[in-house]
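Structure at a glance
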Amino acid sequence: MAVEVIMPKAGSEMEEGEIVQWFKQEGDEVKEGEILLEIVTDKVNMEVEAEASGTLLKIVHPAGSVVPVVQTIAWIGQAGEAVPGAGAAPAAAATPVEETVVETKVEAAPAQEVVEFDNSGLRATPAARAYARENGIDLSQVKGTGAKGRVHKDDVVDYKLNAKAKISPLAARIAEVEGINTDGIVGTGPKGKIMKADVLSVLNGSASEAAASAEVAAPASAKSAKAPNENQWGVVETVPMSPMRKVISKRMSESYFSAPTFVVNVEVDMTELLALRKKVVDAIIEETGKKATVTDFISLAVIKSLMKHPYVNASLSSDEKEMYLHHYVNLSIAVGMDSGLVVPVIKGADKMSLKELVVASKEITTKALAGKLKPDEMADSTFTISNLGMYGVKSFVPIINQPNTAILGVSATVQKPVVLNGEVTVRPIMTLTLTADHRVVDGLEGAKFMKTLKEAIENPLSLLI
């Protein structure tokens, strides 16, 4: 009997997920526990495993579809078995599947022919070789993370995803609608990534050519639904909100309109902290392979200060009748990406040394940027730090990441004249901004926390004791 593959519900607030890609096609053999597809949920990408072995009989929703949770997205069963709403499913091919696929692609669309590379002689697992062969990937270009550089399947999957990430989703959509070939475009984004402006510059520079290509490449219905249009002032783009963007919108609105907040700003002299970081950074790199950043030191200072001010590290019950004072710190670090903002959590941060915090912070941030976070790695936060200092921001007011009671905004360190011992001198100064929920935290408690934090940062040796 055919088994349903459903859109998983990864988290209580998840309402829908978007299918990023299928790793199997209709008619392919599937083993229980094998990765079947990748989806993007509320802020995380996750891989969905097959819950049964058999043949992938039917894909109900293709890549790019946004599907409500627990809805059927595919069927797995015996070859030739019928599934609800369809006739007989594809039977297993009598000849090797790979041979049939190549023949079909050569006849119908030569540009999509599977390219086979000679991956013999390379250190790679059988699963990595199979995945590389199925996706036409040259294993010699993939950096292995296994022993002696052995390539695992995850390495090949990451390589493929990173290759796709060389163009932003919006740029890719505009290029698709307008029929623009992006192969020759030089991207101006990070690491040569093709951004919206790069595609628009090509579009504006060769409007007639792009328009002619668009007529061939894009269906009329797609153009009218999503294509950029113009009014008397310029181009207007219609961009559907991704599942991630919808969740961010919902949560930020709930936070902003439900919590009466107040803001406390302090200026912190970073002289001693910067000097301490310079002394220990090489030793930490030598021991962990990770570089300690200013954010790591500030995080440690925040953790130590929160343990002295539990109301700033608290949360409020949904009926607003109880407050939960956390005598531990699960620290969230906001990470910005092209697709939105994620807040991975460092669990048990109050029990970590500086070295351990540096490692945990880098690992969770790397997973966030790679879209590999699991829902559990974004849950149970007690306090959040948002750092925009690397963009030169001098001050900003962050919105609370509920159910937290407060969030700290970290700005850039700038050289400013200050009066020290009766004389004017120039010092590196950073502005820190606390946004707090007044239902739980009073202004006085917020001010006391910021005073404790300021003292910890300006006397950083106390953090190492």
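Residues numbered from 1 in each chain as written. Predicted model: local features only at pLDDT ≥ 70, side-chain atom pairs only at ≥ 80, totals over all residues. Heavy atoms only, no water.

An unreviewed UniProt entry annotates the protein chain as Dihydrolipoamide acetyltransferase component of pyruvate dehydrogenase complex of Gemella haemolysans ATCC 10379. UniProt annotates the protein chain under Sequence similarities (unreviewed entry) with the comment "Belongs to the 2-oxoacid dehydrogenase family." (UniProt positions renumbered as here; feature names shortened; annotations may be inferred.)

What follows deals with the sheet that holds strand β2 (residues 16–22). Sheet architecture is open: 4 strands sit in the order β5-β4-β2-β7, paired in antiparallel fashion. The strands lining the two open edges of the sheet, one partner per strand, are β5 (45–49) and β7 (66–68). Each adjacent strand pair in this sheet contributes to an overall mean axis angle of 40 degrees, direction not counted. (Pairing = 2+ DSSP bridges. Helix = DSSP H or I, 4+ residues; strand = E, 2+ residues; numbered from the N terminus. Axes fitted to C-alpha atoms, helices over the stretch in contact; angles between N-to-C directions.)

By size, the foremost hydrophobic cluster in this structure holds 52 residues, and its most contacted members are Phe383 and Leu432. Looking at this core element by element, the count peaks at 7 residues for helix α10 (residues 294–306). By size, the runner-up hydrophobic cluster in this structure holds 18 residues, among which are Met7, Leu56, Ile59 and Val69. (Core = buried A, V, L, I, M, F, W, Y, C linked by side-chain atoms within 4.5 Å. Buried < 20%, exposed > 50% of the residue type's maximum accessible area, 1.4 Å probe, protein only.)

Mapped onto the elements, Asp442 comes out in the loop between β20 (423–437) and α12 (443–458). A residue is classified by how much of its surface remains accessible, and Asp442, at 48% relative accessible area, is partly exposed.

Along the chain, Ala52 falls in the loop between β5 and β6 (54–59). Spatially, the C-alpha atoms of Ala52 and Trp75 are 9.9 Å apart, while their sequence positions differ by 23 residues. If we skip the residues at most four places from it in the chain, Ala52 touches Val3, Val30, Lys31, Glu32 and Ile76. (Contact = heavy atoms within 4.5 Å.)

A few words now on the pattern of salt bridges. With the rule as written, the count across this model stands at 13 salt bridges. Residue Lys362 pairs with Asp296 through a salt bridge whose shortest N-O separation is 2.6 Å. Placement of Lys362 in helix α11 (residues 354–369) and of Asp296 in helix α10 is noted, with a sequence separation of 66 residues between them. Like Asp296, Lys362 is buried. The residue Arg439 makes a salt bridge to Glu320 at a minimum N-O spacing of 2.9 Å. Pair noted here: Arg439 is in the loop between β20 and α12 and Glu320 is in the loop between β12 (314–316) and β13 (323–325), with a separation of 119 residues, a long-range link. A relative accessible area of 29% places Arg439 in the partly exposed class. Salt bridges sharing common partners tie together Glu320, Asp437 and Arg439. (Salt bridge = Lys/Arg side-chain N within 4 Å of Asp/Glu carboxyl O.)

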